[in-house]
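Working through the structure, step by step
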Amino acid sequence: MISRPGQFMPRSVTLRLFGNRTSIAIADVIEPLVPAAESRRVAFGEEAYPADLEVFVLPVLGDDRIPDQVERWLSNAPLRSPRHLVCLSGDFTIGETPRSRVSEEANRILTSRGSLALGEPIILDTPLSPGWEDLLSARFEALLVSSDSSAPLDAPRAQTSAVAVPLHAETAFLEICGLLGATPRATFDNEGTCRSLDFTDGARYPRNILVGQREGTIDAVFEAVGSLGSLRTLSLAYAGLDRIPRTLPAKLRELDLTCNPIRDFRALSTASDLRWLNIAACDQPTLPDEVVSLPKLHTLIAAKNRINSVPGDTASMTSLRRLTLYRNRFVRLEPALAALQRVQILNIGAGPVETLDAVAGGLPELRGLGVCMTAIKRFPESLYQLPKLMRVDVSKNPQFDRAGVPIQHRHLLASSMLGWNTLGTHEHETEAPLSGEATVR
């Protein structure tokens, strides 16, 4: 690369990699673009010599969180470079604006510690498509050319607006505020009764205000939550909890437990009215029995776990309409899934699934099927017999034989991707047309 007047040409570059194949491939492209610089590749957690520029190559599964060990390093490790560039790879929804809240948060952490961003993060969709190397090269070179050493640091983390708490709010809610020294997001009815409670801060990259609290404080908060007798919606997402309140409000209908390594779900036995449950990224090896036993559950998000089998008694989930098992470890699907007679949306994408034979003969109410980024090569004939099927997402699946789909059934091939959290938008109308599905990651 030929240097131009005013261009930032680092004399030394550190490429900090997570270690997967994509990050190594990205480093292979970037290194030759700064031939005059001394470059080093190091893993997160390894010590590095000072350099003019440090490139952080972050892998993100689903574009929603920075891996915990990476965030700890970004937040605490000594910075050895005055400038940085975030390069992000992840399985993003087709058609989304190529800007990620994860890359924004990584930039914010680094700039808050005194490192100057070389420019906007470089974001690559995975699996990497043909020609990605040229796109990456052009983007990186453009950043070097346009770089301004006096560029300001990124803005500090945005704070959410204050919650309007009624003067006559429930005592249990006021107790929660006192215990935390902060006011969680909540909604109230005209009587001051708390109807929804959310312990995340509402920022674009959400964090939970329970993080860092003492065990005794969390126990006391949980006890107060159980006293909110009319609570309908509760979010404990991103709290890093290994347990949930022993007693959940009897009228609770929606529960978000995203990103909590929970080991004990017995408290769900008191939530017989629960309709919507999110246990994504909770490090679960299977669907917990207490989840399968919920009698009124119509939406279950169990994405990004370690699930490789489905309990045989899933047939008892007669209310279930929407299920996502995105990014789990299924190689083949058990007939137990076919027993879900009322499921309308099923997402089993981003996994090693090889065949749909076990489920295609069932699921008479199925309208949408997500199998993006799988090893599926063809549809079984029985899939075409499903009377209500409207679309199948086979995006980012180069092995799939599109030409093998009969012409009269090609309308099923989705033009838009079913994101991992497609079901995560609190849609209560289970009979809504599939065309109205949101695709939120």
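Presented here is a report on the structure given in the accompanying data block. (Residues numbered from 1 in each chain as written. Predicted model: local features only at pLDDT ≥ 70, side-chain atom pairs only at ≥ 80, totals over all residues. Heavy atoms only, no water.)

**Here's the deal with the overall build of the chain**
- A count of helices and strands for the chain gives 9 helices and 16 strands.
- In the chain, buried positions account for 54% of the 441 residues.
- For the chain, the accessible surface area stands at approximately 19,300 Å², while carbon and sulfur atoms represent 51% of it. (Helix = DSSP H or I, 4+ residues; strand = E, 2+ residues; numbered from the N terminus. Buried < 20%, exposed > 50% of the residue type's maximum accessible area, 1.4 Å probe, protein only. Areas by Shrake-Rupley, 256 points an atom, 1.4 Å probe, with all protein chains shown as cover.)

**As for the nonpolar core**
- Leu-197, Leu-277 and Leu-300 are the most contacted members of the largest nonpolar core, which totals 78 residues.
- At the level of elements, α5 (171–180), β7 (185–188), β8 (194–198), α6 (215–226), α7 (289–292), α8 (335–338) and α9 (357–360) are the ones that each hand at least two residues to this core.
- Leu-17, Ala-27, Val-29 and Trp-132 belong to the second largest nonpolar core, which has 24 residues in total. (Core = buried A, V, L, I, M, F, W, Y, C linked by side-chain atoms within 4.5 Å.)

**Description of the packing of aromatic side chains**
- Considering all chains together, one arrives at 6 aromatic pairs under this definition.
- Taken together, a centroid distance of 6.2 Å and an interplanar angle of 35 degrees make the contact between Phe-44 and Phe-56 tilted. Highlighted residues: Phe-44 in the loop between β2 (38–43) and β3 (53–60) and Phe-56 in strand β3, separated in sequence by 12 residues.
- Since its relative accessible area comes to 16%, Phe-44 is described here as buried.
- Since its relative accessible area comes to 2%, Phe-56 is described here as buried.
- Judged by centre distance (4.6 Å) and plane angle (45 degrees), the rings of Phe-379 and Phe-400 are tilted. Taken as a pair, Phe-379 in the loop between β15 (368–370) and β16 (391–393) and Phe-400 in the segment after β16 lie far apart in primary sequence, 21 residues in all. The pair Phe-379 / Phe-400 is uniform in exposure class, with both members buried. (Phe/Tyr/Trp six-rings, centres within 6.5 Å; stacked < 30°, edge-to-face > 60°.)

**Some details on the environment of Pro-184**
- The topology assignment puts Pro-184 in the loop between α5 and β7.
- Residue Pro-184 is classed as buried on the basis of its relative accessible area of 1%.
- Between the C-alpha atoms of Pro-184 and Leu-210, which are 26 residues apart in sequence, the distance is 9.6 Å.
- Here Pro-184 is in contact with Val-163, Phe-173, Ile-176, Cys-177, Leu-197, Asp-198, Phe-199 and Ile-209, once residues within four sequence places are set aside. (Contact = heavy atoms within 4.5 Å.)

**With respect to the side chain of Glu-71**
- Among the secondary structure elements, Glu-71 is positioned in helix α2 (residues 68–76).
- Residue classification places Glu-71 among the buried residues on the basis of a relative accessible area of 15%.

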